[in-house]
Amino acid sequence: MNFYLSQDRARKTTRWLVVFYLLALLVLCVVSSLVLLAVVRAFQGYGAGVVMPATLWMPLRPEDWPWLLGVCVFVLGGALIRSLLKMRELSQGGQAVALALGGRKIQPDTRDLQERKMLNVVEEMAIASGMPVPEVYVIDQEEGINAFAAGLTPTDAVIGVTGGAIQKLNREQLQGVVGHEFSHILNGDMRLNLRLIMLISGIEFVSVVGRIFTQSNRRSYSSRGSRKGGGGLVLAGLVLRLLGWFGQLLGRMIQAAVSRQREYLADASAVQFTRNPLAVADALKVIGHEAVEGRLTHTDTHEVSHLFFAQAFRSYFNLLFATHPPLEERIRLLDPAWNGDYLAPQKAVLPEPKSEQAGLEMLQGLAVAGAMQTVLSDTADVAAEEARDPLSAMALVVAAWWLAQTDETVLKQAEALLAEYVFPGLQAAVAEQRQALASLSRQQHLQRIERAMPSLKSLSEPQYEAFRKLLQHLMDLDGQHDLYEQVLAQLVLRFLDVHFGLAKPHKVRYRRLSSVLLEVQLLLSMLADYGHETAQSALAQRAYERGLQVLGLQGKPLMDTAETSSETFEQATCKLALCTPELKQQIVRAMLACAEYDHQLLEVERELIVAIAATLDVPIPRSLL
């Protein structure tokens, strides 16, 4: 299939649906304002004592415009406040959504073979998509085959899966499902879905006002005075409730239509990650074979059903309210030669291991054997020692920093610094990880840190605070920070700061390149200088200028980055992360142009750019580099 064409078609359709949604909301606001204006006229004395005078609906007069504008502001303000309250409820991160759905976190050091298989698949897709490994949750009580991605940004995203999916899908099918969910993360679907939920919640404000009118009038109807003109208030309330109901109905129809288009986009993007259209298609065929399909029977999913891989609830009006396209249509787009037969779920894919350790080794072998060779070949020689527990994960980060140092004095200071921190066994674990990483390249070090992110998130808050201080002290020992060292620290700290509540997910603040010009200069200067000796300064200058050219800039001097502190680099990347997605993508393209100026993209340069893009919340699939 031409998944690039499919992606473009889905994005264009989504944009038109969102525009139509906003127009419908505007029309609803105007009509509601006219109804409320009639109520204002009633209280002003038009037709006093009459149940529903015709003068309430007479044409607008000049003196009515201030009232109409005031009512419009009231309706829009109320809808906005209700939407913001809903956003606050839903913006607690992917972990909160997973727990609300009854999910259980799969621990990074789990000994369950099926859970280990699931974690390995998520790790592979994370590496393919260019982002650190998210946490994984399983909804044990659900036998239907389904999965979801939740969170506002890649920084706080989690992957969830039902118990039925783990048990009934084979490894390739799981890759397709997880790749589909990663596509939702990278395509910004999670934030789009949040905005649609907020808009629908805002529309409900019209119904709330109508309910107040009808109920308040009912409670006071026994009083003699309220009977005069009360019919007008009741009718206005009923009209508002009807408008609110119609608006919600229309909103959910458009939300479902947007969700269906994003499913096409995620299917096409999953092919991009797996390089195997049948991976997603076969998973859908297994879902079609099952009696319960992808439905969740023990979990309320109506508000978040668009997050899932397949339709999570039964709808009697699928054409209007189904959040996912028909299975048959999705399968035929991915597998045009499909004969209409569904696939039976797997019964058992793993032989009984002779021992627990033997089972884990077998799964590690499967992880390497099943990985995508074009994307994951660099991980095939990863040492057996995996950072599956918090202590090993911390030691991995420290060891990666250690192996990048060349000054023996700095390393001796680091030894003394490790002894000061209250992590029993950390020094021994660092020595073990140094030995494991010694034969690997720097880019493989970064990949292993991405894989260890769930283990680092298992730290307690006091432990993370101590580890954060340790990492910052290590960075400051030599007083110099090259690009690799800076990116390594930011890759860890940015994701963990959000997880532990020390930072919030990025929000758009800068829309113009001129607002972040100094930060872009710093980033391109560090990338151009990286790997170039003094004798190659002219080459670094030309590479830097090539990056500026992509951004339409010229005449900006190459910065001296030798004395750049970790705080300066952190502030720069944090500010760049507040740009619009389109602007951040332009900056990433400029970095690629800078690195490729000499007509070769070194593996370490590729990984640095992938890591920087991840910290900016615009991960780059490695298959595109």
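Since the structure is predicted, the reported quantities are computational estimates derived from the model, not experimental observations.

Rules behind the numbers
Residues numbered from 1 in each chain as written. Predicted model: local features only at pLDDT ≥ 70, side-chain atom pairs only at ≥ 80, totals over all residues. Heavy atoms only, no water. Helix = DSSP H or I, 4+ residues; strand = E, 2+ residues; numbered from the N terminus. Buried < 20%, exposed > 50% of the residue type's maximum accessible area, 1.4 Å probe, protein only. Areas by Shrake-Rupley, 256 points an atom, 1.4 Å probe, with all protein chains shown as cover. Axes fitted to C-alpha atoms, helices over the stretch in contact; angles between N-to-C directions. Parallel < 35°, antiparallel > 145°, perpendicular 65-115°, else oblique. Left-handed = near helix turned anticlockwise from the far one by under 90°. Contact = heavy atoms within 4.5 Å. Pairing = 2+ DSSP bridges. Salt bridge = Lys/Arg side-chain N within 4 Å of Asp/Glu carboxyl O. Core = buried A, V, L, I, M, F, W, Y, C linked by side-chain atoms within 4.5 Å. Expected span 1.5 Å × (residues − 1). Arc of directions from axis to C-beta. Nonpolar A, V, L, I, M, F, W, Y, C, P; charged D, E, K, R; others polar. Phe/Tyr/Trp six-rings, centres within 6.5 Å; stacked < 30°, edge-to-face > 60°. Lys NZ or Arg CZ within 6 Å of the ring centre and 35° of its normal.

## Digging into the overall build of the chain
So, point 1. Across its full length, the chain holds 26 helices and 4 strands.
So, point 2. Sorting the 625 residues of the chain into buried and exposed places 56% on the buried side.
So, point 3. In the form shown here, the chain has an accessible surface area of approximately 27,700 Å², with 57% of it arising from carbon and sulfur atoms.

## Quick notes on the packing of helix α22 (residues 517–529) against helix α24 (residues 566–576)
So, point 1. Closest axis-to-axis distance for the α22/α24 pair is 9 Å, and the angle between their directions is 120°. Judged by the inter-axis angle, α22 sits oblique to α24. As for how α22 packs across α24, the hand of that crossing is left-handed. Judged by residue contacts, E519, V520, L522, L523 and M526 of α22 engage T568, F569, A572, K575 and L576 from α24.

## A look at the pairing of strand β4 (residues 158–162)
Residues in a regular strand project their side chains so that they alternate between the two faces of the sheet.
So, point 1. In terms of burial, β4 is a largely internal element, 5 of the 5 residues being buried.
So, point 2. Of the two faces of β4, the one lined by V158, G160 and T162 and the one lined by I159 and V161 are each fully buried.
So, point 3. Across 4 bridges, the pairing between strand β3 (residues 147–150) and β4 is antiparallel. For A147, the partnering residue across the bridge sits in β4 and is V161.

## A word on the pattern of salt bridges
So, point 1. Within this structure, the stated rule accounts for 15 salt bridges.
So, point 2. Residue K285 pairs with D335 through a salt bridge whose shortest N-O separation is 2.8 Å. In this pair, K285 is assigned in helix α10 (residues 277–289) and D335 in the loop between α12 (327–334) and α13 (356–369), connecting sequence segments 50 residues apart.
So, point 3. For K285, a relative accessible area of 7% translates into the label buried.
So, point 4. D335 sits in the buried class, given a relative accessible area of 13%.
So, point 5. In this structure, the salt-bridge partner of E519 is K575, at a minimum N-O distance of 3.6 Å. Note that E519 is positioned in helix α22 and K575 in helix α24, a separation of 56 residues in sequence.
So, point 6. We classify K575 as partly exposed; its relative accessible area is 23%.
So, point 7. Each of the salt bridges in this network shares a partner with another, and the network as a whole consists of R104, E115 and D140.

## A closer look at the nonpolar core
So, point 1. The biggest cluster of nonpolar side chains holds 90 residues, and the ones touching the most others in it are L456, F467, L470, L483 and L524.
So, point 2. Not counting residues within four places of it along the chain, the set of residues in contact with F467 comprises M394, V397, V398, F423, L456 and V492.
So, point 3. Listed in part, the 41 residues of the second largest apolar core include V138, I185, A270 and L284.

## What about the sheet that holds β4?
So, point 1. Reading across the sheet, the 4 strands line up as β1-β2-β4-β3 and stay open at both edges, with mixed pairing between neighbours. One side of each edge strand has no neighbouring strand; the edge strands of this open sheet are β1 (104–105) and β3.
So, point 2. In this fold helix α6 (residues 171–186) packs onto β3 and β4, with an angle of close to 25° to the strand it touches most, β3.

## Structural notes on helix α26 (residues 603–615)
So, point 1. Here α26 contains 13 residues, and its C-alpha end-to-end distance of 19 Å stays within 8% of the 18 Å for a straight helix at 1.5 Å per residue.
So, point 2. In terms of residue burial, α26 counts as a mostly covered element, since 12 of its 13 residues are buried.
So, point 3. Listed as buried for α26 are V604, E605, R606, E607, L608, I609, V610, A611, I612, A613, A614 and T615.
So, point 4. Elements that come into contact with the buried residues of α26 comprise α18 (442–451), α21 (483–499), α22 and α25 (581–595).

## Quick look at α12
So, point 1. Within the span of α12, buried status applies to L327, R330, I331 and L334. Across the axial projection of α12, the buried residues extend over an arc of 100°, all falling on one side.

## Description of the packing of α18 against α21
So, point 1. Interhelical geometry of α18 versus α21 gives an angle of 10° and a closest axis separation of 10 Å. One finds that α18 runs roughly parallel with respect to α21. Residues R442, H445, L446, I449 and E450 of α18 form the contact with α21, whose participating residues are Y484, L488, L491 and V492.
So, point 2. Residue composition of the contact of α18 with α21, grouped by class: 6 nonpolar, 1 polar and 2 charged.

## Here's the deal with the packing of aromatic side chains
So, point 1. Scanning the model with the defined rule gives 4 aromatic pairs in all.
So, point 2. Ring centres of F148 and F308 lie 5.3 Å apart, and the angle between their planes is 55°; on these two criteria the pair is classed as tilted. In this pair, F148 is assigned in strand β3 and F308 in the loop between α10 and α11 (318–321), connecting sequence segments 160 residues apart. Each member of the pair, F148 as well as F308, is classed as buried.
So, point 3. The ring of F309 carries the charged tip of R330 above its face, separated from the ring centre by 5.1 Å.
So, point 4. When the ring centre of Y510 is taken as reference, the NZ or CZ atom of K575 above it lies at 5.3 Å.

These values are about where atoms sit, not about what they do.
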